[in-house]
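Fold and contact review
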Amino acid sequence: MQLQDYNPSGVGQINGNLLGLPFDYESAKLIVFGVPWEVTVSYGAGTANGPQRVLDASTQLDLFDLDNPDGWKQGIFMVEIPQDILEKNAYYRDRAAEIIQRLEQGKPLTDTPDLTPVLTEINQACQQVNQWLFEKTKEAIEKGKRVAAIGGDHSVPLGYYQALATSYPNFSILHIDAHADLRDAYEGFEFSHASIMFNAMKLPQISKLVQVALRDISHDEVQTIDRSNGRIVAYYDSIIKQKLYSGTTWIEICREIISHLPEQVYISFDVDGLDPKLCSSTGTPVPGGLELEQAFSLFRELVHSGRKIIGFDLCEVGDAEWDGNVGARIIYKLSNLMDLSQKSN
């Protein structure tokens, strides 16, 4: 199909691409990678199927976007979800469950049977996925493409962060999440979903991490935030709500959040940052959180501030039709706002 023949008001075509759009890798400006990986999840499983759920739901969306009505014209293309990674995920997820069960029983991994070799094998497998995404995203960036990633669990985007660090000497992460993800090798897994921001902070190119909607956090993570000398800024959900109840507007809070960010901003969106009614099948749901339009309002204010969105990920989408529907809307909104921010800078 030629682009001039495409009707954005027509029925969404099931053609293997996000939103049924008529683009391929070469013609699209935005390349989306689905990474079906959730080996280290410590509670509910199913997010490895998140990329497919988002893809399946996306063709039901209408394409008019109030922020960027012609945003679809930028060209959005989702690379085929790698089935070999999905198959490895199933194998290593079962092995990781053995480790988690042992730890939850309060027993050392060195008990018979010794699980320390299994832990080493899992960490190596996670590193291989990181390397795969690093290479794929770096290649796309070098070709002048914008990039987005869909998890899987929140361990997924590390390779993408590393690729961005080769192109941007100074950028920040705006992190929407119920959890701080600042644990050092949680449960022994170096690349745990609970360690993504701990690992991200090892990259000196990331000058600021601003976390929004935190409400399930460990003592050690709070200390990490407090001792970061302002490199990590936390907006706890309960404090946000208290300000709202006291009469502070959400727009005022958004502008304060954004004031901490430098010009180049990456958005990392864990759907459990939202109210669980919007993502009930996510891996680790927590009561509270943002409404979807609150999150969009924050991103909108970010663009209006003149800052540039240089990339984004969406993680922890559950294996359910509704979660995929919400996830698809997040992907499309962020795609259009990133396009808008690139045009205005």
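The preceding data block contains the structure.
Parameters at a glance
Residues numbered from 1 in each chain as written. Predicted model: local features only at pLDDT ≥ 70, side-chain atom pairs only at ≥ 80, totals over all residues. Heavy atoms only, no water. 1 Å grid on protein atoms, 1.4 Å probe; cavity = no way out; pocket = protein on both sides within 12 Å on 5 of 7 lines; lining within 4 Å. Points joined across faces, edges and corners; volume = space filled by probe spheres on them. Nonpolar A, V, L, I, M, F, W, Y, C, P; charged D, E, K, R; others polar. Helix = DSSP H or I, 4+ residues; strand = E, 2+ residues; numbered from the N terminus. Pairing = 2+ DSSP bridges. Axes fitted to C-alpha atoms, helices over the stretch in contact; angles between N-to-C directions. Contact = heavy atoms within 4.5 Å.

1. Some thoughts on the layout of surface pockets
- What the largest pocket holds in volume is close to 240 Å³.
- Looking at the largest pocket, it is lined by 18 residues, and the ones nearest its centre are H179, R183, H193, A194 and T284.
- Residue classes in the lining of the largest pocket are distributed as four nonpolar, six polar and eight charged.
- Estimates place the volume of the second largest pocket at around 160 Å³.
- In terms of lining residues, the second largest pocket is bounded by L61, D62, F64, D65, F296, R329, Y332 and K333.
- Of all the elements, helix α10 (residues 321-343) adds the most residues to the lining of the second largest pocket, at three residues.

2. Some thoughts on the sheet that holds strand β4 (residues 171-176)
- Within the open sheet, the eight strands sit side by side as β2-β1-β3-β8-β7-β4-β5-β6. Their pairing is parallel. The open sheet terminates on both sides in strands that have one partner only, identified here as β2 (76-78) and β6 (232-236). Between one strand and the next, the sheet's axes are offset by a mean angle of 15°, whatever the strand orientation.
- One ladder, built from seven bridges, connects strand β7 (residues 264-270) with strand β8 (residues 308-315); its direction is parallel. Counted as the bridge partner of Q264 is K308 from β8.
- Sheet strands in contact with helix α7 (residues 237-245) are β5 (206-214) and β6, and its direction is about 60° off that of β6.

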